[in-house]
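# Breakdown of the fold
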Amino acid sequence: MTETTKFFKSNNTFYKKFDGLDYAAHTVFSRGGYFFKGQIDLEKFIKSMEQVFHEFPVLLSTFHSENGIWNISYPPKSHHRVNDQLEVENRENEAIETTTLESIIPMKLLDERMKNGFSIDLEGLPMGSFKLTILKDGFVIGYSINHSLFDQSSMYYFFKYLSIIYSTTTTTTTNNGSDKKEKVNLKKPIIINGEDFYDKNQPPLTDLQNFRDYGKEHLGFTYTPFGTSSDSGNSSSSDDKPKIENITIKVNFNLKELENIIKSITDHYLSINDIIHSIIVKILSMNETISDDEDFRLRYTVNMRKRCNLNEEHIGNFGFQQNLLFKVSDIRNKSILELAKMNRKDVSEFTNDNFYKTITWHNKMQYHKELPLNYLGKQVPTITNVSNWTSFDYGKISFDGIKPFTIKAPCIATYNVNIICFDYDFKNHEKFFRTTIYIPSNSFNQINNFSNNSKLFTIEK
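Residues numbered from 1 in each chain as written. Predicted model: local features only at pLDDT ≥ 70, side-chain atom pairs only at ≥ 80, totals over all residues. Heavy atoms only, no water.

## Considering the sheet that holds strand β5 (residues 69-74)
- Pairing is antiparallel in the open sheet, where 3 strands are placed in the order β2-β5-β4. Where the open sheet ends on each side, the last strands, each with one partner, are β2 (14-17) and β4 (62-66). The average undirected angle you get between the axes of adjacent strands in this sheet is 25°.
- Here β2 runs beside β5; their pairing, made up of 4 bridges, is antiparallel. Looking at the pairing, Phe-14 lines up with Tyr-74 of β5. (Pairing = 2+ DSSP bridges. Helix = DSSP H or I, 4+ residues; strand = E, 2+ residues; numbered from the N terminus. Axes fitted to C-alpha atoms, helices over the stretch in contact; angles between N-to-C directions.)

Structure follows, in structure tokens:
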């Protein structure tokens, strides 16, 4: 096993003052990895990274505070100590299918404040850090990128842009003997300016209590100091009830069965997402501590680019968490198909207004010096947050014709977050989608029966 690190520079500069779009998720560092079967040219990969960072120095930028407002800039401030941005590890005796997620994240490059994926203090921290792990039968590009400017769509476009540059790093010789680089046929990334989408009619909310009340009444954000939770996550628990152990299960969705449901519908349009959302809420409703008359809140992320006339090259935290309320009794009594139609109705009726109001409100949040983490609400079994990473054309990310067969991210199901990724079953030669769900252990048998009877998914402890 060999290890090296690489430091990159750019002749270009970058500066951005946080707006509401950036502030909403600035305490979070997204971590994960793109997994590939095959070989990569290390020298060509490093040259590609050099070119991307030169053209797009935002990923070399560091955070600093000015009058209590976060900014990000390149070159970094003179008093900031900047680490290398790329780690390369060669583990050619290890198979890619046995590689753990923890081993492909660039932990050695990360400041201690970043290592758990969250940091309230960003002073001097980098926007991005990367790791290339070379294995016996493949390679993995791991990353740690701050969420303030990079949602999943932004990360997808970055890796797509990197792979295009990798594919065009070869040079051709002209008639006069000089070298000429091939042109990259993809638009350069553009940082989104959140102020362009502010709600101009929102009240000033200069009083902190008015600010909190507006967030709760109009946007669904309740002030709850981070870490506050209900008893064991049970909304109706009491001190004399036995504590129930919670466990995390892996849910692997059977895409063929999901597609069969969609094909059977002739009077409605449904997507795979509609079916998956329905399965997730059905699983979570099998918690015996939840009563039929309670509301269940599904928060699902909507990519706002097309809705706001932007394109994939526009980089930012440009997703919105739409809220869909169910009655628990409806989840329990209705079929997957009926629930999917409810989900589709909510998607079709969605408007941009709440998105504009929310990013405007988050901009005011930073002037109040409030943390977004304090508005996530309590961790209760009647709320879940779904982020779907499968809706992009990952076939456009290709290194020497090798495309990712899976993307992996840390499990955060204990925070009521279900990240949906894609994976590949090499034994059966099938692609499938997967997520993780946090459940009471005594609901496992019921969920397992649901899995066996429906054939829509399989589960692993």
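## Focus: the packing of aromatic side chains
- For the coordinates displayed, the defined rule picks out 37 aromatic pairs.
- For the pair Phe-36 and Phe-139, a centre-to-centre distance of 4.6 Å together with 10° between the ring planes defines the contact as stacked. With Phe-36 in strand β3 (residues 29-37) and Phe-139 in strand β8 (residues 138-146), this pair connects stretches of sequence that are 103 residues apart. Per residue, the accessibility class of Phe-36 equals that of Phe-139, and both read buried.
- A ring pair is formed by Phe-320 and Phe-350, whose centres lie 5.7 Å apart and whose planes are at 40°; its orientation type is tilted. Separated by 30 residues along the polypeptide, Phe-320 in strand β15 (residues 319-327) and Phe-350 in the loop between α9 (336-348) and α10 (353-367) bring together distant segments of the chain. The same class applies to Phe-320 as to Phe-350, namely buried.
- Joined through ring pairs, the aromatic side chains of Phe-8, Tyr-34, Phe-53, Phe-130, Tyr-143, Tyr-156, Phe-158, Phe-159, Phe-392, Tyr-394 and Phe-422 make up one cluster. (Phe/Tyr/Trp six-rings, centres within 6.5 Å; stacked < 30°, edge-to-face > 60°. Buried < 20%, exposed > 50% of the residue type's maximum accessible area, 1.4 Å probe, protein only.)

## Quick look at the side chain of Ser-10
- Structurally, Ser-10 is set in the loop between β1 (2-6) and β2.
- Its relative accessible area of 12% is what places Ser-10 among the buried residues.
- Separated by 3.0 Å, the side chain of Ser-10 and the backbone nitrogen of Asn-12 make a polar contact.
- A polar side-chain atom of Ser-10 sits 2.9 Å from the main-chain carbonyl oxygen of His-54.
- Contacts of Ser-10, omitting those with residues within four sequence positions, involve Phe-53, His-54, Pro-57, Leu-60 and Tyr-74. (Polar contact = N/O pair within 3.5 Å; in protein donor to acceptor, adjacent residues only side chain to side chain. Contact = heavy atoms within 4.5 Å.)

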